[in-house]
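# Descriptive structure summary
This is what each chain is made of:
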Amino acid sequence: APSSLDSNQHDAKRAAKTFDKRVAPFVRKLFLMLDNPETDSVICWADDGKSFWVINPDRLEGGVLQRYFKHNRMPFFVKQLRAYGFRQRWGPSCLSMAKEWVHE
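Read on for a plain summary of the structure. In this text the structure is predicted, and so the values were computed from the model without any measurement. (Residues numbered from 1 in each chain as written. Predicted model: local features only at pLDDT ≥ 70, side-chain atom pairs only at ≥ 80, totals over all residues. Heavy atoms only, no water.)

## Concerning the overall build of the chain
Under the convention used in this document: Numbering goes from the N terminus for both helices and strands, where a helix is a DSSP run of H or I of at least four residues and a strand is a run of E of at least two. Categorising residues by exposure relies on relative accessible area from a 1.4 Å probe, with only protein chains included: less than 20% of the type maximum marks a residue as buried, more than 50% marks it as exposed, and the intermediate range marks it as partly exposed. The contact criterion used throughout is that any non-hydrogen atoms of two residues lie within 4.5 Å. Residue-level accessible areas treat just the shown protein chains as cover; the underlying method is Shrake-Rupley with a 1.4 Å probe.
Assigned secondary structure in the chain consists of 4 helices and 4 strands. Secondary structure elements of the chain occur, N-terminal to C-terminal, as α-α-β-β-α-α-β-β. A burial count over the chain gives 36% of its 104 residues as buried. Of all intrachain contacts in the chain linking residues separated by at least 6 positions in sequence, the fraction that spans at least 24 positions is 41%. For the chain, the exposed area adds up to about 6800 Å²; of that, 55% sits on carbon and sulfur atoms.

Okay, here's the thing in structure tokens:
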């Protein structure tokens, strides 16, 4: 029987095919990851839907990234976010693990 990871990868690939072909694969996969309620404890949309939060970078790197991308390294994910125009918004404490990302 296929594992839930295999099922999630299959669902993500199928859903990605429904996106406009002009949308970059990274952006498509990021949207799918954010839109999946199963990842909300790790990465989720902000309440206003204009930004997103990485709540638990260790869990993101340890299991979620590899479901959507060919890598599971947080530094590479951050580099891709920056390459696509996302910027980190600094909150009340730079020591907090949770980081907000916004596309301006």
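## A short note on the packing of aromatic side chains
Counted only if it meets this: Note on ring pairs: Phe, Tyr and Trp rings are taken, using the six-membered ring of Trp, and paired if centres are within 6.5 Å. Classes follow the plane angle, with under 30 degrees stacked, over 60 edge-to-face and the rest tilted.
Evaluated as defined, the whole model comprises 6 aromatic pairs. Between Phe-26 and Phe-77, the aromatic rings sit 5.9 Å apart at their centres with planes inclined by 50 degrees, giving tilted as the arrangement. With Phe-26 in helix α2 (residues 25-35) and Phe-77 in helix α4 (residues 74-83), the pair connects residues that are 51 residues apart, well separated along the chain. Overall, the relative accessible area of 0% leaves Phe-77 in the buried class. Taken together through their ring pairs, the aromatic side chains of Phe-26, Phe-69, Phe-77 and Tyr-84 make up a single cluster.

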